[in-house]
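Spelled out from the first residue to the last, the chains are:
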Amino acid sequence: MQIIQKEIHLNPFPRGFHLITSQIISEIPEMRNIQQGLLHVFIQHTSASLSINENADPSVRRDFERSFNDIVRENQPYYEHDYEGSDDMPAHIKASMLGASLSIPVRGGKLNMGTWQGIYLCEHRNRGGSRHLVLTLMGI
Amino acid sequence: MQIIQKEIHLNPFPRGFHLITSQIISEIPEMRNIQQGLLHVFIQHTSASLSINENADPSVRRDFERSFNDIVRENQPYYEHDYEGSDDMPAHIKASMLGASLSIPVRGGKLNMGTWQGIYLCEHRNRGGSRHLVLTLMGI
Amino acid sequence: MQIIQKEIHLNPFPRGFHLITSQIISEIPEMRNIQQGLLHVFIQHTSASLSINENADPSVRRDFERSFNDIVRENQPYYEHDYEGSDDMPAHIKASMLGASLSIPVRGGKLNMGTWQGIYLCEHRNRGGSRHLVLTLMGI
């Protein structure tokens, strides 16, 4: 059983939901040598998150942004933590709802996801800047 | 440290939240030989999800269905991705809120969950059909 | 590749979101010997959860409590499972939204989280009592 771990940087994304599957795969070519394992992807931030969802239709990602803005509202009267802007506290809530990490099966040197699954970088800030990820690959 | 990975199929479930703990356990008898480890369960779909919650009272699962229908509404005016039906886009949002995978401790050959915990298959589509899971067991 | 697994108990917390990073680290000193790995933290309950979010400003944790109470309402007319109190069913929903486990990269003997990330114990019951966690450390 082997383990490979590395840190990668993503260029800044605009607020919204973005497919990063191909970048993740290209950053960890060691995966080609893993017949059975798991890839763990961790985001080192509290106002952006990771998720797995539909990889084909861009309207799904736009609907994600609108739905989460509807479910987790800005400018709630009860927010105390608002001095970084109206997008600050909602970004923290969205980040915890979606989560800071993913674990994905690896099989025959590739991610073993469903046909329609892709990895989303969920940028909840208006100007989140570059985001850092830690990739951990375990397997045989 | 060993790793065992397999794919399983679940028969179609109606829309709602369903206990699948016993089926998961029966599909991976190799777990009996693991003294310390983790079982990773991954669903290869974007409109169904996995969660861990109360395993005793069926009314909890019915309340889950009603609550998620209340929090993630159908027929929102802002949905673009609606051509697969009114349950389509809400299913994607619910799937990301709940997540595509679980990691559960294994101890003494068994899942080391709390007394009241069970594994839920969360079917968010009206007719989701058969769902595919990938089980990955790591441990000693 | 080695694996270390242990169960720990948390003293009762009031309802709300609480930082437990330092307690988790102190409970697993074996982490100092892991150069590359993952720490898995699992909560054996269905009305409390774990999350990773902002570790500096206590107002963020207060806003988390208010936001989740706003998004997941008590006393909904459609709740069947209400005989343990108005905080019962909402606690189950919040627990599944946030999740029962975390996986965090370990590097050079330490958790490799971002500067502003901390581990939250999310207590969704008014009187949840002591909570039990299972820690699983895997790495080299």
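Our subject is the structure listed above.
Predicted model only: the values in this text are computed from it and were never measured. (Residues numbered from 1 in each chain as written. Chains lettered and ligands numbered in written order. Predicted model: local features only at pLDDT ≥ 70, side-chain atom pairs only at ≥ 80, totals over all residues. Heavy atoms only, no water.)

**Student:** How should the environment of Ile24 of chain C be read in this particular structure?
**Tutor:** Residues and elements named next belong to chain C. Within the fold, Ile24 resides in helix α1 (residues 21-27). Ile24 sits in the buried class, given a relative accessible area of 1%. Spatially, the C-alpha atom of Ile24 lies 10 Å from that of Leu111, the residues being 87 residues apart in sequence. (Helix = DSSP H or I, 4+ residues; strand = E, 2+ residues; numbered from the N terminus. Buried < 20%, exposed > 50% of the residue type's maximum accessible area, 1.4 Å probe, protein only.)

**Student:** What is the right way to read unusual backbone geometry from this model?
**Tutor:** Working note: non-glycine residues mostly have negative phi, and peptide bonds are mostly trans. Residue Asn75 of chain A is not a glycine yet carries a positive backbone phi of 55°. Structurally, Asn75 of chain A can be placed in the loop between α2 (58-71) and α3 (88-98).

**Student:** Explain the relation of the copies chain C and chain B here, please?
**Tutor:** Here the second copy of the chain follows from the first by a rotation about an axis and a shift along it. The operation relating chain C to chain B is a screw motion whose rotation component is 120°, with 0.0 Å of axial translation and a residual RMSD of 0.0 Å. As the rotation angle and translation indicate, the two copies are arranged about a three-fold axis. By C-alpha distance to the rotation axis, the residue of chain C lying nearest is Met97 of chain C, at 3.4 Å. When the interface residues of chain C are mapped onto chain B, a mere 13% of them are again interface residues, pointing to distinct binding faces. (Least-squares fit on C-alpha atoms with pLDDT ≥ 70 in both. Contact = heavy atoms within 4.5 Å.)

**Student:** What exactly am I supposed to notice about the interface of chain C and chain B here?
**Tutor:** Buried accessible area, meaning the area lost when the parts come together, often serves as the stated size of an interface. The interface of chain C with chain B comprises 30 residues on the first partner and 33 residues on the second. For the chain C and chain B pair, buried surface summed over both sides reaches about 2,700 Å², with 58% attributable to carbon and sulfur atoms. Area buried by chain C at its contact with chain B is led by Gln5, Tyr78 and Ser96 of chain C, which between them contribute 23% of it. Taken together, the links from chain C to chain B amount to two salt bridges. Residue Glu80 of chain C is joined to Arg62 of chain B by a salt bridge in which the shortest nitrogen-to-oxygen separation is 2.6 Å. Counting across the interface, chain C meets chain B through 21 residue pairs in polar contact (both at pLDDT 80 or more). At the level of secondary structure, the elements contributing two or more residues to the side of chain C that touches chain B comprise β1 (2-10), β3 (36-43), α3 (88-98) and β8 (131-139) of chain C. Here the side of chain C that touches chain B takes six residues from α3 of chain C, the largest share from any one element. (Buried area = accessible area lost by both parts, 1.4 Å probe. Salt bridge = Lys/Arg side-chain N within 4 Å of Asp/Glu carboxyl O. Polar contact = N/O pair within 3.5 Å; in protein donor to acceptor, adjacent residues only side chain to side chain.)

**Student:** Explanation requested: the pattern of salt bridges in the structure shown.
**Tutor:** Side chains bearing opposite charge may pair, as long as their charged atoms lie close to each other. All names here are of chain A. Counted under the stated rule, the structure contains 33 salt bridges over all chains. Across the pair Glu30 and Lys6 runs a salt bridge whose closest N-O atoms are separated by 3.0 Å. One end of the pair, Glu30, is in the loop between α1 (21-27) and β3 (36-43); the other, Lys6, is in strand β1 (residues 2-10), with 24 residues separating them in the sequence. Overall, Lys6 belongs to the partly exposed group, its relative accessible area being 22%.

**Student:** Can you walk me through the packing of α2 of chain A against α3 of chain A in this structure?
**Tutor:** Residues and elements named next belong to chain A. Contact geometry of α2 with α3 gives a least axis separation of 10 Å together with a crossing angle of 115°. Looking at the two axes, α2 sits roughly perpendicular to α3. Considering only the axes of α2 and α3, their crossing is right-handed. Contact with α2, carried on its side by Phe68, Asn69 and Ile71, involves Lys94, Met97 and Leu98 of α3 and no other residues of that element. A class-by-class count of the residues in the contact of α2 with α3 yields four nonpolar, one polar and one charged. (Axes fitted to C-alpha atoms, helices over the stretch in contact; angles between N-to-C directions. Parallel < 35°, antiparallel > 145°, perpendicular 65-115°, else oblique. Left-handed = near helix turned anticlockwise from the far one by under 90°. Nonpolar A, V, L, I, M, F, W, Y, C, P; charged D, E, K, R; others polar.)

**Student:** Looking at this model, I keep getting lost on the relation of the copies chain A and chain B. Mind explaining?
**Tutor:** Once chain A is rotated about the relating axis by 120° and shifted along it by 0.0 Å, it coincides with chain B to within an RMSD of 0.0 Å. Residue by residue, only 12% of the interface of chain A is reproduced at the interface of chain B, so the copies engage with different surfaces.

**Student:** How should I be thinking about helix α3 (residues 88-98) of chain B in this particular structure?
**Tutor:** A turn of α-helix holds 3.6 residues, and therefore any two residues three or four places apart point the same way. Residues and elements named next belong to chain B. Counting buried positions along α3 yields eleven of eleven residues, so the element is predominantly enclosed. Buried within α3 we find Asp88, Met89, Pro90, Ala91, His92, Ile93, Lys94, Ala95, Ser96, Met97 and Leu98. Of the residues one or two after α3, Gly99 is the one with positive phi, at around 105°.

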